[in-house]
Amino acid sequence: MIPRANVWVVANQPQARQRIAAGDRNPRDTVEISYDEFTEFEICAASYTPIYKGSSSVRCPFTDAAFLPEFKETLDPLTRLTEIGAVASGLPAPR
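Residues numbered from 1 in each chain as written. Predicted model: local features only at pLDDT ≥ 70, side-chain atom pairs only at ≥ 80, totals over all residues. Heavy atoms only, no water.

Please give an account of unusual backbone geometry that cites residues and values.
Notably, aspartate 64 is not glycine yet its phi reads approximately 65°, a positive angle. In the Ramachandran plot, glutamate 73 falls in the positive-phi region, its phi being about 65° despite a non-glycine side chain. On the secondary structure map, glutamate 73 appears in the segment after β4 (66-67). (Helix = DSSP H or I, 4+ residues; strand = E, 2+ residues; numbered from the N terminus.)

Structure below.
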């Protein structure tokens with residue numbers, strides 16, 4: 001008796017081969033990323049772009065995540081709880 005999983009694999013093998021061949025003929029999984037790999041940077045938690053050392057940035061007072069200055073005074077998309085760049089007292093989040 002053949003297990004069900006193996007029956008499914010055997011039945012879908014031609015379709016899988018066709019999709020792999022189509023992907024090999026038309027590769028489009030590359031993503032262009034512009035950053036300087038030799039300069040220290042953090043990633044903006046909203047736009048996922050690099051914030052290079054020495055550039056201005058703002059932080060979330062709760063998560064201490066870095067953001068580009070354009071996101072100041074907006075709601076943190078990670079927690080949807082705090083305002084980016086707000087002054088807060090208390091214990092900082094561990095780094």
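Tell me what's going on with the nonpolar core, and back it up with residues and numbers.
Counting residues in hydrophobic clusters, the biggest one holds 10 residues: Cys44, Ala45, Ile51, Val58, Cys60, Ala65, Ala66, Phe67, Leu68 and Ile84. Beyond its immediate stretch of four places on either side in the chain, leucine 68 contacts Cys44, Ser47, Thr49, Ile51 and Val58. (Core = buried A, V, L, I, M, F, W, Y, C linked by side-chain atoms within 4.5 Å. Buried < 20%, exposed > 50% of the residue type's maximum accessible area, 1.4 Å probe, protein only. Contact = heavy atoms within 4.5 Å.)

A description of the side chain of threonine 82 should follow, citing residues and the corresponding values.
Following the sequence through the fold, threonine 82 ends up in the segment after β4. Judged by its relative accessible area of 14%, threonine 82 is buried. Apart from residues no more than four positions distant in its own chain, threonine 82 is found in contact with Cys60, Pro61, Phe62, Thr74, Leu75 and Asp76.

Describe the side chain of aspartate 76, naming the residues involved and giving the relevant values.
Tracing the chain through its elements places aspartate 76 in the segment after β4. Among buried Asp, Glu, Lys and Arg side chains, aspartate 76 stands out as unpaired, with arginine 80 the closest opposite charge at 8.5 Å. Excluding anything up to four places from it in sequence, aspartate 76 contacts Cys60, Thr63, Phe67, Leu81, Thr82 and Ile84. (Lys, Arg positive; Asp, Glu negative; His and termini not counted. Salt bridge = Lys/Arg side-chain N within 4 Å of Asp/Glu carboxyl O.)

Account for the environment of serine 47, naming residues and giving values.
Inspection of the secondary structure assignment puts serine 47 in the loop between β1 (41-43) and β2 (50-52). Among residues more than four places away in sequence, those in contact with serine 47 are Leu68 and Phe71. Side-chain polar atoms of serine 47 contact the side chain of threonine 49, separated by 2.7 Å. (Polar contact = N/O pair within 3.5 Å; in protein donor to acceptor, adjacent residues only side chain to side chain.)

Report on the packing of aromatic side chains, specifying residues and quantitative values.
Throughout the structure, instances matching the rule amount to 2 aromatic pairs. An aromatic cluster is built from Tyr35, Phe41 and Tyr52, whose rings are joined through pairwise contacts. (Phe/Tyr/Trp six-rings, centres within 6.5 Å; stacked < 30°, edge-to-face > 60°.)

Break down the pattern of salt bridges for me, with residues and values.
Applying the stated criterion across every chain yields a total of 3 salt bridges. A salt bridge links glutamate 42 to arginine 59; the shortest N-O distance between them is 2.8 Å. Note that glutamate 42 is positioned in strand β1 and arginine 59 in strand β3 (residues 58-59), a separation of 17 residues in sequence. Accessibility expressed as a relative area gives 33% for glutamate 42, which makes it partly exposed.

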